[in-house]
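Summary of structural features
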Amino acid sequence: MSVTVRTLQQCKNEGRKFSVLTAYDATFAHQISSAGVDAILVGDSLGMVVQGHDSTLPVTVDDIVYHTACVARGNQGALIIADVPFLAAATLDRALDCSLKLMQAGANVVKIEGAGWLADTVQVLKRNGVPTCVHMGLTPQSVNAFGGYRVQGREQSQADQMIADAQALEAAGADMLLLECVPREVSKQLTAAVGIPVIGIGAAPECDGQVLVIQDVLGITAGKTARFVKNFMAAANGDIAAAIKAYDSAVKDGSFPAAEHCF
Ligand code: KIV
Ligand code: NA
């Protein structure tokens, strides 16, 4: 049975955690969905882990379309969330055009980086049958504006704004939110303040779901990894399917993320 936005909403309603992993090709989409992971994110992290760039900014709509189509062919029933790349939702027309391409390639949900100002975009997409996930907190496409990859929401005023924005996005019709690198306490409050599912990465175990980049889970990422990463291959004896299942179980039993993975 396929996972839908309703499945994730039911998880939130019933207090069950759900798992998400990135994939960029059919082989990994097959492995991840067969392991019971609920959703696959075709992230613009592919700019770094697939294309070798040092940020996500060079990734194009056509790149995400190509990888979404690859993932969709290997997928065994997971919900497919596809990233809207840098500036592809800067105007409503662009957001609609990008969403058209991603949905036709096989996405079930589009993920857009931003905050409360995306409410109008979310509302128009919703009206046209496109479910959205708004990626808040550390939005890597804004690395130049932030002056580096930094935890967001440490100041009370910033945290209050983030929670108000989350509520505005829910009211506008967002189907889910994703929080990256936001202090645990703020992430916990925000997750409790909205009725829609909240996916965390470097956020909190109290979020409704968790996501990681597959290369990080398998311990094959080149260079230094972030604090929120856990290598699940270390205890899996080189067995990729076992590592993915260990991640899925750890998310669902609440043992990942631990305090050491949070800010
Ligand atoms: O592109 C990506 O993989 C992401 C996740 C890290 C949340 O946006
Ligand atoms: Na992304």
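Residues numbered from 1 in each chain as written. Chains lettered and ligands numbered in written order. Predicted model: local features only at pLDDT ≥ 70, side-chain atom pairs only at ≥ 80, totals over all residues. Heavy atoms only, no water.

With that settled, consider the pairing of strand β8 (residues 209–212). Two faces belong to every sheet, and in a regular strand the side chains alternate between them. On β8, burial covers both faces: Gly209 and Val211 on one face and Gln210 and Leu212 on the other are all buried. Relative to β8, strand β1 (residues 18–22) is paired through four bridges, and the arrangement is parallel. From the neighbouring strand, Phe18 faces β8, where its bridge partner is Gly209. For strand β7 (residues 198–201) and β8, the ladder comprises two bridges, and the chain directions are parallel. What sits directly across from Gly200, in β8, is Gln210. (Buried < 20%, exposed > 50% of the residue type's maximum accessible area, 1.4 Å probe, protein only. Helix = DSSP H or I, 4+ residues; strand = E, 2+ residues; numbered from the N terminus. Pairing = 2+ DSSP bridges.)

Attention now goes to the sheet that holds strand β6 (residues 176–180). Strand order in the closed barrel formed by eight strands is β1-β2-β3-β4-β5-β6-β7-β8, and the pairing between neighbours is parallel. Across the sheet, the mean angle separating the axes of adjacent strands is 25° when strand polarity is ignored. Here strand β4 (residues 109–113) runs beside strand β5 (residues 132–137); their pairing, made up of four bridges, is parallel. Bridge pairing in β5 places Ile112 opposite Val134. Against the sheet, helix α4 (residues 61–74) engages β2 (39–42) and β3 (79–83), with an angle of about 170° to β3. Docked against the sheet, helix α11 (residues 240–252) engages β1 and β8, running at close to 140° with respect to β1. (Axes fitted to C-alpha atoms, helices over the stretch in contact; angles between N-to-C directions. Contact = heavy atoms within 4.5 Å.)

For the pair α4 and helix α5 (residues 92–105), the least separation of the axes is 8 Å and the interaxial angle reads 20°. One way to sum up the angle between α4 and α5 is to call them roughly parallel. In this structure, α4 crosses over α5, and the sense of that crossing is right-handed. Each of Val61, Ile64, Val65, Thr68, Ala69 and Ala72 in α4 lies in contact with α5, whose residues at this interface are Cys98, Lys101, Leu102 and Ala105. (Parallel < 35°, antiparallel > 145°, perpendicular 65-115°, else oblique. Left-handed = near helix turned anticlockwise from the far one by under 90°.)

Here we take up the packing of aromatic side chains. Aromatic ring pairs are reported here in terms of the distance separating the ring centres and the angle at which the planes meet. Scanning the model with the defined rule gives three aromatic pairs in all. A ring pair is formed by Phe232 and Phe256, whose centres lie 5.5 Å apart and whose planes are at 80°; its orientation type is edge-to-face. With Phe232 in the loop between α10 (214–217) and α11 and Phe256 in the segment after α11, this pair connects stretches of sequence that are 24 residues apart. In this structure, Phe232 and Phe256 share a single accessibility class: buried. One aromatic cluster is present, formed by Phe232, Tyr247 and Phe256 through successive ring pairs. (Phe/Tyr/Trp six-rings, centres within 6.5 Å; stacked < 30°, edge-to-face > 60°.)

What follows covers the UniProt feature "binding site: Mg(2+)" (unreviewed entry) in the protein. UniProt records the feature "binding site: Mg(2+)" (unreviewed entry) at Asp44, Asp83 and Glu113, using the numbering of this structure. A maximum C-alpha distance of 10.8 Å among these annotated residues, which run over 70 residues, shows that they cluster at one spot. Position of Asp83 among the secondary structure elements: in strand β3. Judged by relative accessible area, which is 3%, Asp83 ranks as buried. When near neighbours in sequence (up to four residues on either side) are disregarded, Asp83 contacts Leu41, Val42, Gly43, Asp44, Ile64, Leu102 and Lys111. One polar contact links the side chain of Glu113 to the main-chain amide nitrogen of Gln141, over a distance of 2.9 Å. (UniProt positions renumbered as here; feature names shortened; annotations may be inferred. Polar contact = N/O pair within 3.5 Å; in protein donor to acceptor, adjacent residues only side chain to side chain.)

What follows concerns the coordination of the sodium ion (ligand 2). Protein coordination at the sodium ion (ligand 2) comes from Asp44 (OD) and Asp83 (OD), with a distance range of 2.2 to 2.3 Å. Highlighted residues: Asp44 in the loop between β2 and α3 (46–49) and Asp83 in strand β3, separated in sequence by 39 residues. The buried category is assigned to Asp44, whose relative accessible area is 4%. (Donors = N, O, S within 2.8 Å, 3.2 Å for Na, K, Ca; no water.)

Let us now look at the site of ligand 1. With respect to spatial proximity, the complete set of residues near ligand 1 consists of Thr22, Leu41, Gly43, Asp44, Ser45, Asp83, Lys111, His135, Leu178, Ile201, Val211 and Val213. Taking Ser45, its side chain carries an N or O atom lying 2.6 Å from an oxygen atom of ligand 1. Take Asp83: an N or O atom from its side chain is 3.1 Å from an oxygen atom of ligand 1. Protein chains bury 94% of the 260 Å² of accessible surface belonging to ligand 1 in isolation. Here the shell around ligand 1 is built from residues that sort into five nonpolar, four polar and three charged. (Near = heavy atom within 4 Å. Areas by Shrake-Rupley, 256 points an atom, 1.4 Å probe, with all protein chains shown as cover. Nonpolar A, V, L, I, M, F, W, Y, C, P; charged D, E, K, R; others polar.)

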